[in-house]
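# Summary of the model geometry
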Amino acid sequence: MSLNRRSFIKSACAALFTSSLGNHVCASLGRERVMKLDLSCGRIGVKANQKQAIDYAQKYGFEAVVPDAGYLGRLSENELSKLKSEMQSKNLVFSAAGMPVDFRKDESKFKEGLKSLPNAAAALQRAGVTRIGTWLMPTHAELTYNANFKQHTRRLKQISRILSDHGLRFGLEYVGPKTLWSSQKFPFIHTMPETKELISAIDVKGVGLILDSWHWYTAHETKADLLTLSNAEIVAVDLNDAPAGLEIDEQIDQKRELPMATGVIDLSTFLNTLNSIGYDGPVRAEPFNAALRKLPADQAVSATAIAMKKAFALIN
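All of the points below concern the structure found in this document. Please read all numbers here as calculations on a predicted model, not as lab measurements. (Residues numbered from 1 in each chain as written. Predicted model: local features only at pLDDT ≥ 70, side-chain atom pairs only at ≥ 80, totals over all residues. Heavy atoms only, no water.)

It is worth spelling out the sheet that holds strand 10 (residues 234–239) at this point. With respect to topology, nine strands assemble into an open sheet ordered 3-2-1-11-10-9-7-5-4, the strand pairing being parallel. Strands at the two margins of the open sheet, each flanked by one partner only, are strand 3 (93–94) and strand 4 (96–98). As defined by bridge partners, strand 2 (residues 64–65) adjoins strand 3 across two bridges and the pair is classed as parallel. Paired with Ala64 across the two strands is Val93, which belongs to strand 3. Contacts from helix 7 (residues 145–165) reach strand 5 (131–135), strand 7 (169–173) and strand 9 (207–212) within the one sheet, and its direction differs from that of strand 7 by about 145°. (Pairing = 2+ DSSP bridges. Helix = DSSP H or I, 4+ residues; strand = E, 2+ residues; numbered from the N terminus. Contact = heavy atoms within 4.5 Å. Axes fitted to C-alpha atoms, helices over the stretch in contact; angles between N-to-C directions.)

Following this line, the structure appears as structure tokens:
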């Protein structure tokens, strides 16, 4: 008798159920994909307001779209209700917003941004958004690693408390390329373990990681690193490929490729490992690709959708 995949998994689990190993294996085998195909227009160089982004997302088969806190904050309750209904009818949800506070520069700039954060967080919360994130600069011209770590901990703790008060999980993205973290006098956080140390020091509920296949690759990380994570620790995921013909430590951060473009990054391992731990959040492309950015908006979104769906087809 021929068995389809689900029947096979069911039979295998039945045979193994008496052992603890069998229970562990069956918990991960055949897990349905719950991560969302996410459209971030800004990350692919497409200029679009919130309504246009929603239309692009529906047209090209995405499942989530990045929220715009400024736009959402200006909507009346009735307008927001209509927007939510429209998104539901299009089978779309909001993904992860960008965190607007500039915490990387001087103290006055940081405090200025912090004042406006509660309003932005409230706008996102009102719209049902639960995820927000930012990236970490992996180098500094003046601050030693320890001094920079202390500054990041102090500032990000303040930000995290505001976001947590509004039900927002806060993702931090490490930046992996050696060409960047070695570009100034003092290298800083550029790996998953270092980012986990910062998250532990911040010590606020809901702070986690933004994972990027590009940074996972350029940080020389593996499946084993991904398996140290749980779904609760991952806020959002970026999916990219790398240019061919370069060693890992020669890769340049602003020169990436759409998923599956070259096969340099092992996206099958990356995505299937995330799926095995039950990651249920957004996955978006962020290629910083000059050729993509030159395309008309429709073509850029279409090319991104094709690449992302090809990558998602690797999940089994």
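Moving on: the pattern of salt bridges. Under the definition given, this model contains 15 salt bridges. Residue Glu63 is joined to Arg33 by a salt bridge in which the shortest nitrogen-to-oxygen separation is 2.9 Å. Residue Glu63 is located in the loop between helix 3 (50–59) and strand 2, and its partner Arg33 is located in the loop between helix 2 (20–28) and strand 1 (36–39); the two are separated by 30 residues in the primary sequence. Classification of Glu63 as partly exposed rests on a relative accessible area of 23%. (Salt bridge = Lys/Arg side-chain N within 4 Å of Asp/Glu carboxyl O. Buried < 20%, exposed > 50% of the residue type's maximum accessible area, 1.4 Å probe, protein only.)

Turning our eyes to something else, we now look at unusual backbone geometry. Despite not being glycine, Asn91 shows a phi value in the positive range, around 55°. With respect to the secondary-structure elements, Asn91 resides in the loop between helix 5 (77–89) and strand 3. Here the phi dihedral of Met260 falls at roughly 75°; this positive angle occurs in a residue that is not glycine. Of note, Met260 is situated in the loop between strand 10 and helix 12 (267–276). A relative accessible area of 24% places Met260 in the partly exposed class.

Right, let's get into helix 9 (residues 192–202). Listing the buried residues of helix 9 in full gives Met192, Glu194, Thr195, Leu198, Ile199 and Ile202. Summarising the axial view, the buried residues of helix 9 lie within an arc of 160°, below the 170-degree limit, and thus occupy one face. On its buried face, helix 9 sits against helix 7, strand 7, strand 9 and helix 11 (223–226). Within two residues after helix 9, Asp203 carries a phi angle of roughly 55°, on the positive side. (Arc of directions from axis to C-beta.)

Looking now at the nonpolar core. Membership of the largest hydrophobic core comes to 86 residues, with the highest contact counts inside it found for Ile159, Leu211 and Leu274. Excluding anything up to four places from it in sequence, Leu211 contacts Tyr174, Met192, Leu226, Leu229, Ile234, Ala236, Val237, Asp238, Phe270 and Leu274. (Core = buried A, V, L, I, M, F, W, Y, C linked by side-chain atoms within 4.5 Å.)

What follows deals with the environment of Gly245. Its location among the elements puts Gly245 in the loop between strand 10 and helix 12. C-alpha of Gly245 to C-alpha of Val264: the two residues are 19 residues apart in sequence and 9.1 Å apart in space.

Going through the model one piece at a time under the given rule, you end up with three aromatic pairs. Through a chain of ring-to-ring contacts, three or more aromatic side chains come together here, namely Tyr145, Phe149 and Phe188. Directly above the aromatic system of Trp135 lies the positively charged group of Arg104, at a separation of 3.8 Å from the ring centroid. (Phe/Tyr/Trp six-rings, centres within 6.5 Å; stacked < 30°, edge-to-face > 60°. Lys NZ or Arg CZ within 6 Å of the ring centre and 35° of its normal.)

Turning our eyes to something else, we now look at the pairing of strand 5. Across the five residues that make up strand 5, a large majority, four, are buried. Sheet topology places strand 4 next to strand 5; three bridges connect them, and they run parallel. Bridge assignment links Ala97 to a residue of strand 5, and that residue is Ile132. Taken together, strand 4, helix 6 (residues 107–126) and strand 5 form a β-α-β motif whose crossover is right-handed. (Right-handed = clockwise from strand over helix to strand, strands pointing away.)

Burial of strand 10 is extensive: six of the six residues sit out of reach of the surface. Note that strand 9 and strand 10 share four bridges and pair parallel. Bridged to Leu211 within strand 10 is Val237. The pairing of strand 10 with strand 11 (residues 282–285) spans three bridges and is classified as parallel. By the bridge assignment, Val237 is partnered in strand 11 with Val283. What joins strand 10 to strand 11 is helix 12, and the crossover it makes is right-handed.

By themselves, these figures tell us nothing about what the structure is for.
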